[in-house]
Amino acid sequence: MKYIDPHIHMVSRTTDDYARMAQAGCVAVTEPAFWAGFDRSSAQGFYDYFRQLTDYEPRRAAQFGIRHFCWICINPKEAEDPAFAREVIKFIPEFLGKPNVLGVGEVGLNKNTRNELAILEEQIALAVEHEQLILVHTPHLEDKLKGTRLTMDALEAAGAQPGRVLIDHVEEHTVGEVLGRGYWAGMTLYPDSKCTPQRAVDIIEQFGSERLWINSAGDWGVSDPLSVPKCHVEMLRRGHPRELVEKISYENPRAFLSQSPKFSLD
Ligand SMILES: [Zn+2]
């Protein structure tokens with residue numbers, strides 16, 4: 001069954017992963033800019049990372065028939081030093097013009113600090129000014145609900161349209177409010193944190209399938225680049241129709257991402 005993995009950090013994955021994903025039906029990925037597992041020592045480190053996302057990864061993915069798109073930003077984990085973050089923000093507009101860049105992301109909050117919020121607000125303003133889609137990272141565990149609300153408040157204060165924003169890593173206690181305020185929501189399928197495939201299917205059964213997608217968020221840590229097709233198996237095992245599986249993992253991401261004129265599966 002063909003699918004889109006709309007949140008995966010392929011820079012941290014091997015070429016064999018692209019091959020296995022293609023065999024499992026993956027036709028496109030979108031890769032948000034995020035933390036590399038260590039803090040970069042200079043703004044130039046981000047510049048080279050953005051070059052990798054916009055130049056090298058699309059070519060590596062294309063060898064397996066997978067379309068590669070990405071999102072550009074300074075992530076919340078490295079936004080605690082505003083002067084440093086603003087050096088990076090200065091060259092973001094240059095990358096927003098690249099052919100595979102769909103918008104600004106994954107922006108958001110990590111520890112819900114004042115500095116993180118200031119840099120988040122500046123990047124939301126940048127996205128609104130450049131008419132970009134926005135992909136939002138939400139904090140872990142006990143910080144998640146508060147961080148999700150702070151982020152939605154900042155988006156609304158800046159005049160961002162909820163239908164052009166996806167709030168990612170939702171869980172049982174945040175998904176209702178995110179959808180209720182008009183945003184799109186992403187469920188991240190991790191082997192032992194965020195949503196497992198089983199919990200994600202529980203959420204679909206409870207909240208329906210409108211404005212909802214699933215992703216692997218595969219990266220350099222404990223994660224699984226094949227978690228989207230594994231969730232397909234769980235949905236089918238429970239007796240859900242193929243149409244629902246396709247809606248969650250292909251039609252919904254296609255509908256959201258197609259709001260960017262650069263997104264195409266041709
Ligand atoms: Zn991520």
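For the structure given in this document, a descriptive report is provided here. (Residues numbered from 1 in each chain as written. Predicted model: local features only at pLDDT ≥ 70, side-chain atom pairs only at ≥ 80, totals over all residues.)

**Notes on the nonpolar core**
Most often, soluble globular proteins have nonpolar side chains that are buried together. Ile72, Ile134, Val165 and Ala200 are the most contacted members of the largest nonpolar core, which totals 76 residues. With residues up to four places along the chain from it excluded, the contact list for Ile72 reads Ala33, Phe50, Ile92, Phe95, Leu96, Val101 and Val104. (Core = buried A, V, L, I, M, F, W, Y, C linked by C-beta atoms within 7 Å. Buried ≥ 20, exposed ≤ 12 C-beta atoms within 10 Å, placed from the backbone. Contact = placed C-beta atoms within 7 Å.)

**Points about the packing of helix 3 (residues 82–90) against helix 5 (residues 114–129)**
For any two helices packed against each other, one specifies the crossing angle of their axes together with the interaxial distance. Put simply, helix 3 and helix 5 touch, their axes get as near as 10 Å, and they point 15° apart. Here helix 3 lies roughly parallel to helix 5, going by the angle between them. Our pair here, helix 3 against helix 5, has a crossing hand that is right-handed. In this structure, helix 3 uses Pro82, Ala85 and Ile89 to contact helix 5, whose residues at the interface are Asn115, Ala118, Ile119, Glu122, Gln123 and Leu126. Its residues assigned to classes, the contact of helix 3 with helix 5 shows six nonpolar, two polar and one charged. (Axes fitted to C-alpha atoms, helices over the stretch in contact; angles between N-to-C directions. Helix = DSSP H or I, 4+ residues; strand = E, 2+ residues; numbered from the N terminus. Parallel < 35°, antiparallel > 145°, perpendicular 65-115°, else oblique. Left-handed = near helix turned anticlockwise from the far one by under 90°. Nonpolar A, V, L, I, M, F, W, Y, C, P; charged D, E, K, R; others polar.)

**Let's talk about helix 10 (residues 242–257)**
Here helix 10 is 16 residues long and its end C-alpha atoms lie 21 Å apart, about the 22 Å a rise of 1.5 Å per residue gives. Of all the bends found along helix 10, the most pronounced is centred on Ile248 and spans about 45°. If you check which residues of helix 10 are buried, you get Val245, Ile248, Ser249, Tyr250, Asn252, Pro253, Phe256 and Leu257. (Expected span 1.5 Å × (residues − 1). Bend = angle between axes of the 7 residues up to and from the residue.)

**Some remarks on the pairing of strand 2 (residues 26–32)**
Here strand 2 lies mainly inside the structure; six of its seven residues are buried. With three bridges joining them, strand 1 (residues 3–5) and strand 2 adopt parallel strand pairing. Within the sheet, the bridge partner assigned to Asp5 lies in strand 2 and is Val29. The β-α-β motif built from strand 1, the intervening helix 1 (residues 15–23) and the parallel element strand 2 has right-handed crossover chirality. Where strand 2 lies against strand 3 (residues 67–72), five bridges are found, and the strand directions are parallel. (Pairing = 2+ DSSP bridges. Right-handed = clockwise from strand over helix to strand, strands pointing away.)

**Considerations on the sheet that holds strand 7 (residues 184–188)**
Strand order across the open sheet formed by eight strands is 1-2-3-4-5-6-7-8, with parallel pairing between neighbours. For this open sheet the edge positions go to strand 1 and strand 8 (212–215), each flanked by a neighbour on one side alone. Neighbouring strand axes in the sheet, compared pairwise and without regard to direction, differ in orientation by 25° on average. Relative to strand 5 (residues 133–137), strand 4 (residues 101–108) runs parallel, the two being bridged by four bridges. What sits directly across from Gly108, in strand 5, is His137.

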